[in-house]
Amino acid sequence: MNGFIFDENVPHQIQLVPSFPVIHVTDLGESLLDSDIWKHARTNSLAVVTKDTDFANRIMLSSAPPWIVHLRFGNLRRNTYHTFLARIWPDVERLVSNHKLVSVYLDRIEAIKD
């Protein structure tokens, strides 16, 4: 895995310190379709970080790359959101390299291998 691509439903200015490069889909152009994001992530060996169930469903029928980090929690206040992601991010990075799907909930993280 070479890094992460954050979907448009994930804030652009995330306050965490990743070990891998992070780009946001808005850095790639306007209104990319999910299929375009998938193709870019697959071509560049990236993990897609998203709240979109479509990516999680699609990876269940595929093999990585791309890898999917599915944020499965509702809206949070900005500070709470950033604090939560910063706290769990090391676990996400550790899991995503060996699992095609990492689902993040407020109370747990679940991971599915290929």
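For the structure itself, look to the data block above.
Described in the following lines is the structure provided in the data block. What you see is a predicted model, and the numbers here were worked out from it, not measured in a lab.

With that settled, consider the sheet that holds strand S6 (residues 109-112). Spatially, S2-S1-S3-S4-S5-S6 is the arrangement adopted by the 6 strands of the open sheet, whose pairing is mixed. With partners counted over all chains shown, the strands left at the sheet margins are strand S2 (22-24) and S6, one partner each. If you compare each strand with its neighbour and ignore which way they point, the axes differ by 20° on average. Strands strand S1 (3-6), S2, strand S3 (46-50) and strand S4 (67-71) of the sheet are contacted by helix H1 (residues 34-43), whose axis makes an angle of about 145° with S3.

A separate point is the packing of aromatic side chains. Two aromatic rings, taken as a pair, are described by how far apart their centres are and by the angle between their planes. Tallied over the full model, the rule gives 6 aromatic pairs. Both rings, one in Phe-4 and one in Phe-20, keep their centres 6.2 Å apart while their planes meet at 75°; by these two values the pair is edge-to-face. In this pair, Phe-4 sits in strand S1 while Phe-20 sits in the loop between S1 and S2, placing the two residues 16 residues apart along the sequence. Judged by its relative accessible area of 1%, Phe-4 is buried. The partly exposed category is assigned to Phe-20, whose relative accessible area is 30%. Plain terms: the ring middles of Phe-73 and Phe-84 are 5.2 Å apart, the flat faces sit at 80° to each other, and that makes the pair edge-to-face. With Phe-73 in the loop between S4 and helix H3 (78-96) and Phe-84 in helix H3, the pair connects residues that are 11 residues apart, well separated along the chain. Considered together, Phe-73 and Phe-84 belong to a single accessibility category, that of buried residues. An aromatic cluster is built from Phe-4, Phe-6, Phe-20 and Trp-89, whose rings are joined through pairwise contacts. Stacked on the ring of Tyr-105, the Lys or Arg Arg-108 has its end atom at 3.9 Å from the ring centre.

Bringing the nonpolar core into the picture now. Among the nonpolar cores identified, the biggest contains 21 residues, and Phe-4, Val-49, Val-69, Leu-71, Leu-85 and Val-104 are the most heavily contacted of them. The set of elements that each furnish at least two residues to this core consists of S1, S3, S4, H3 and strand S5 (101-104). Ranked by residue count, the leading element in this core is H3, at 8 residues. Dropping the residues within four chain positions of it, Phe-4 is found in contact with Phe-20, Pro-21, Val-22, Ile-23, Leu-46, Ala-47, Val-49, Val-69, Trp-89, Glu-93 and Val-96. In terms of nonpolar packing, the next biggest core, distinct from the first, is built from 12 residues, Ile-5, Val-25, Ala-41 and Phe-55 among them.

Parameters at a glance
All chains use their own residue numbering, which begins from 1 and follows the written sequence. In view of the model being predicted, local features appear only for residues whose pLDDT reaches at least 70, and side-chain atom pairs are presented and counted only at 80 or more, with totals across whole chains, interfaces and linings using the full set of residues. Each side-chain value is derived from all of the structure's non-hydrogen atoms; neither hydrogens nor water enter the calculation. DSSP-based pairing: two strands are paired if at least 2 bridges between them are found. Numbering of helices and strands starts at the N terminus; helices are DSSP runs of H or I of at least 4 residues and strands are runs of E of at least 2. Whenever a helix is involved, its axis is fitted only over the stretch in contact; in every case the axis is a line through C-alpha atoms, and angles between N-to-C directions fall within 0 to 180 degrees. Throughout, a contact is declared for two residues whenever any of their heavy atoms are within 4.5 Å. Paired rings are identified among Phe, Tyr and Trp, the last through its six-membered ring, by centres lying within 6.5 Å, and are further divided according to the angle between planes into stacked (under 30 degrees), edge-to-face (over 60) and tilted (the rest). Each residue gets one of three labels from its accessible area relative to the maximum for its type: buried under 20%, exposed over 50%, partly exposed in between, using a 1.4 Å probe on protein chains only. Lysine NZ or arginine CZ positioned within 6 Å of the ring centre and within 35 degrees of the ring normal marks a charge as sitting over the ring. Remark: nonpolar core denotes a set of buried residues (Ala, Val, Leu, Ile, Met, Phe, Trp, Tyr, Cys) joined through side-chain atoms within 4.5 Å.

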